[in-house]
Amino acid sequence: MNSLLTYRICTGVSIYMNFEPYEWQKRLIKIYRGSGVVKAFAGTGKTYATILLIKDREYNNVLIGVPTRKLKNQWTEELIKHDVKNATVETFHILSKDRSKGLKCDLFVVDECHRSTSRVFKNIYENIEYNKILGLSATPNKKSIEYIGNIIINVPLKDAKISDFIVLFHSIDLNLDEQHSYDEYSNAIRRYIGRMRSMGESDRGGFREQLDSMIFKRRSLVYNAEERIPKAVELIKENSDKPTLVICKRIEQANIISKITKFPVYHSDKTDEKALDKFQNDEISCLISVGMLSEGYDKRNIKCLIIVSTAITEAYHIQSIGRAVRLPDNADIHIILARDTTDEKLLQFRHMYNHKIVGRFKPNALKPKNPWKEQYYLGDLYHIDLQGRIYQKTDEGKQYYKENPISSTIQRFFNFRAGSFRVTSENLVIAKSGGKIKSLGMLTEQLEKIKPMNMKLKNGS
């Protein structure tokens with residue numbers, strides 16, 4: 001293995017740990033055939049499952065790619081703990097560089113693989129020469145499945161061995177200026193969606209970009225809502241006797257909270273490893289971060305998690321709440337939501353876990369809603385015919401796809417008639433029937449093209 005990879009595991013001390021594997025971990029060893037993704041929440045045992053697989057198959061040369069140095073260190077510790085001496089751990093940043101070209105391994109493990117498909121990091125799949133590949137993620141995206149293979153193990157939250165945490169939803173309001181801007185963005189978004197409904201797919205490109213821009217601007221406004229800061233400070237003070245991690249979406253927001261509370265921050269502009277270590281070793285009671293403090297952060301005695309602002313996609317929410325899998329019993333998670341905004345979409349996911357509504361939300365916000373409307377018009381359009389064959393319309397004809405496990409679900413939704421559906425960038429399948437838009441679940445296998453049937457479209461049909 002190339003010498004630039006510094007974390008080869010080598011120790012003269014054999015340390016054997018006794019753990020009873022979960023059933024899904026045993027199943028992985030039985031069914032793994034050289035490619036595929038394990039989809040499982042943080043803390044459910046993806047690392048241990050991989051170690052079991054490495055030991056069972058007796059691979060001589062294993063390379064583990066990770067997105068952060070913190071994860072690199074944690075993998076190293078786990079490999080030493082379980083006496084794995086034939087594995088190397090390195091970051092995507094290093095593996096994506098030219099000097100990593102030609103690295104060879106028997107098994108390439110891509111941890112948090114949803115983060116491996118960015119414009120730069122995706123080079124790892126060209127640089128590394130591997131015989132077999134395994135992806136790990138709570139939220140694998142379409143691109144990671146294309147590179148690594150289909151989802152072979154899916155461990156949902158209800159099957160995870162998780163701690164008994166509770167999520168508390170707090171409410172804030174936009175100020176008058178913020179509300180005015182929010183309403184203007186919302187009206188513009190409704191106009192774009194209305195116009196796109198009446199357009200053909202080929203005419204939607206420019207409008208889709210403008211719609212994306214409006215949605216991004218509105219979301220940024222909500223992230224930066226002024227009232228989030230005093231509410232976060234209030235919650236930090238109320239939980240001053242507990243080890244507390246604060247998560248923001250904006251650096252400026254985190255810096256202001258840090259200045260008020262005197263607790264340190266950790267983010268891309270200030271990667272304060274000393275503060276991280278002090279928090280890890282209980283020398284300080286609170287740390288303020290931006291993002292999720294990177295996947296894999298593993299402080300086990302956090303008693304309070306304060307999510308000041310968060311994305312509203314199900315995938316990001318799963319990653320954020322997934323941090324709680326590692327929390328001790330009776331830990332509290334506080335989520336601050338702006339009332340009468342898209343923030344309230346997160347309330348639709350509240351039944352996934354123990355929760356308590358402590359904010360002043362309107363009754364309508366707590367009723368079941370359709371959170372898929374905007375995502376529907378941003379997804380890629382597909383069709384299914386009377387025979388259950390999936391295809392896309394192109395200028396050359398119909399591009400058909402191989403049979404997929406999602407096909408039967410789509411057929412049942414359309415009552416075995418022909419219909420259209422969309423697939424989002426996060427592999428969510430969304431369909432519309434009778435004016436209702438519904439999520440049909442996630443793709444567990446990527447849609448795979450077959451040779452076009454060379455049938456010219458007539459009159460757009």
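Higher on the page you've got the structure.
Okay, so let's go over this structure. (Residues numbered from 1 in each chain as written. Predicted model: local features only at pLDDT ≥ 70, side-chain atom pairs only at ≥ 80, totals over all residues. Heavy atoms only, no water.)

### Examining the packing of aromatic side chains
Going by this rule: Note on aromatic contacts: the rings of Phe and Tyr and the six-membered ring of Trp form a pair at centre separations within 6.5 Å, being stacked when their planes are under 30 degrees apart, edge-to-face when over 60 apart, and tilted otherwise. Going along the chain from the N terminus, every DSSP run of H or I of four or more residues is numbered as a helix, and every run of E of two or more is numbered as a strand. Here's how the labels work: a residue is buried when its accessible area is under 20% of the maximum for its type, exposed when over 50%, partly exposed in between, all with a 1.4 Å probe on protein chains only. Two limits define a charge over a ring: the Lys NZ or Arg CZ must be within 6 Å of the ring centre, and within 35 degrees of the ring normal.
Scanning the model with the defined rule gives 7 aromatic pairs in all. Geometrically, the ring pair formed by Phe 108 and Tyr 130 is tilted, given 5.8 Å between the ring centres and 40° between the ring planes. With a gap of 22 residues between them, Phe 108 in strand β5 (residues 103-111) and Tyr 130 in strand β6 (residues 128-137) connect regions that are remote in the sequence. Looking at Phe 108, the relative accessible area reads 0%, which means it is buried. Pairing Tyr 382 with Tyr 401 gives two aromatic rings, centres 5.5 Å apart and planes at 70°, and the pair type is edge-to-face. Note that Tyr 382 is positioned in strand β15 (residues 380-384) and Tyr 401 in the loop between β17 (397-400) and α15 (407-413), a separation of 19 residues in sequence. Of the two residues, Tyr 382 and Tyr 401, neither departs from the other in class, the shared state being buried. Counting every residue linked through ring pairs, the aromatic cluster contains Tyr 382, Tyr 401 and Phe 421. A cation sits over an aromatic face here: Lys 398 above Tyr 391, 4.7 Å from the ring centre.

### Some words on helix α11 (residues 273-280)
As a reminder of what qualifies: Directions pointing from the helix axis toward each C-beta atom define the arc. Throughout, a residue-residue contact means that at least one pair of heavy atoms, one from each residue, lies within 4.5 Å.
Of the positions making up α11, those classed as buried are Ala 275, Leu 276 and Phe 279. Buried residues of α11, viewed axially, fall in a sector of 100°; they line one side. Buried positions along α11 lie against α3 (69-81), β9 (244-248), β10 (265-266) and β11 (286-290). A positive backbone phi angle near 60° is found at Asp 282, which sits one or two residues after α11.

Fair warning: the whole summary comes from geometry, so function is off the table for now.
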